[in-house]
Amino acid sequence: MTERQGLGLTGIQRPEDVTPPLRQNLIDCWVAVTNAGGAAGFPFPPVTAAEVATAVDRILGELQPQYSRLLAASCDGTLAGWVLLRRDPSPLVCHWGSVHHLQTHPEYRGRGIGVALMRELHRIARDELGLEQLHLAARGGMALEDFYRRLGWREIGRWPNKLRLALGDTRDEVLMVLAPL
C-alpha cells in the first residue's frame, strides 16, 4: 500500500483477497462512474448494481498474481477509484500488459486519484511483472487521450467510428501505448 495525502493504494492479486465490502464498493463505484457519463466499460447508462456485479465478479474471479491484478485507491478508508491490469499468458505477447476500467468515483474527481492509480500500475507492471509495455483503448471524444498523454502514453492508432453510443453519436476507439516501461 502506498500512502499520499490520505490516499491509499492497494494491489489485489487473488479472488480470495477481496472482501464482501470491497466487492460492493467496486460495484458502487462503477455504477456511479457509468451513470455520471464515465467511459469505464458500460456505454449505455443508466446501469444497475446487478448489471455491474456480473462484470465485477468476472474480473475478480480472474485475478491471478502473474496475469491479472486490480489496484484500488481509497481516501480515508473509502474507495475512490480502481483500475485493472492484465497480461496475456501467451508467450507471443506476455511481455506487454493491457489496462482496463480506470475509474475515479465522481465524488473524488480532480484529486489526482486517476494519476496515482496509473503511476502505481506502471510501477507494478515494470517492477513486479517485468512487462515491457502497456496498451489501452479509450473512448474518443472524452479528452481521455489528453489525460493519458500527460502520463507519457502515446496514440498509436484509432478505430474510426467504432463505438456507436446513440444514433448520431459514434466515437473513435483510441489505441494508446506506454513504452518502454
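Up top you'll find the structure we're talking about.
Residues numbered from 1 in each chain as written. Predicted model: local features only at pLDDT ≥ 70, side-chain atom pairs only at ≥ 80, totals over all residues. Heavy atoms only, no water.

Caption draft 1: Seen up close, unusual backbone geometry. Backbone torsion omega between Pro 45 and Pro 46 reads 0°, so that peptide bond is classified as cis. Within the fold, Pro 46 resides in the loop between α1 (20-35) and α2 (49-61). In this model, Ala 179 is joined to Pro 180 through a cis peptide bond whose omega is -10°. Looking at the element boundaries, Pro 180 is found in the segment after β8 (169-178). (Helix = DSSP H or I, 4+ residues; strand = E, 2+ residues; numbered from the N terminus.)

Caption draft 2: Looking closely at the environment of Met 142. Within the secondary structure, Met 142 sits in the loop between β6 (133-139) and α4 (144-150). Along the backbone, Met 142 and Gly 37 are 105 residues apart, and their C-alpha atoms lie at a distance of 9.8 Å. With sequence-adjacent residues up to four places away left out, Met 142 is seen in contact with Gly 37, Ala 39 and Arg 171. (Contact = heavy atoms within 4.5 Å.)

Caption draft 3: Fine view of the pattern of salt bridges. According to the stated counting rule, one finds 13 salt bridges in the structure shown. The closest approach of N and O atoms between Arg 126 and Asp 127, which form a salt bridge, is 2.7 Å. One salt bridge in this structure joins Lys 162 and Glu 173, with 2.8 Å as the shortest N-O distance. With Lys 162 in strand β7 (residues 154-166) and Glu 173 in strand β8, this residue pair connects regions lying 11 residues apart in the sequence. With relative accessibility at 47%, the residue Lys 162 sits in the partly exposed group. Glu 173 sits in the buried class, given a relative accessible area of 15%. (Salt bridge = Lys/Arg side-chain N within 4 Å of Asp/Glu carboxyl O. Buried < 20%, exposed > 50% of the residue type's maximum accessible area, 1.4 Å probe, protein only.)

Caption draft 4: Quick look at the nonpolar core. Among the nonpolar cores identified, the biggest contains 31 residues, and Met 118, Leu 134, Tyr 148 and Trp 153 are the most heavily contacted of them. For this core, the secondary-structure elements that each account for two or more residues are β2 (7-12), β3 (68-75), β4 (78-87), β5 (96-104), α3 (113-128), β6, α4 and β8. Residues within four places of Tyr 148 in sequence aside, it is in contact with Leu 102, Met 118, Leu 136, Ala 138, Trp 153 and Met 176. Core analysis: the next-biggest nonpolar cluster, separate from the first, contains 24 residues, Leu 22, Trp 30, Leu 60 and Trp 82 among them. (Core = buried A, V, L, I, M, F, W, Y, C linked by side-chain atoms within 4.5 Å.)

Caption draft 5: Region of interest: the side chain of Ser 98. By the secondary structure assignment, Ser 98 is in strand β5. Here the side chain of Ser 98 touches His 100 through a polar contact of 2.8 Å, side chain to side chain. Beyond its immediate sequence surroundings of up to four residues, Ser 98 is in contact with Leu 84, Leu 85, Arg 86 and His 135. (Polar contact = N/O pair within 3.5 Å; in protein donor to acceptor, adjacent residues only side chain to side chain.)

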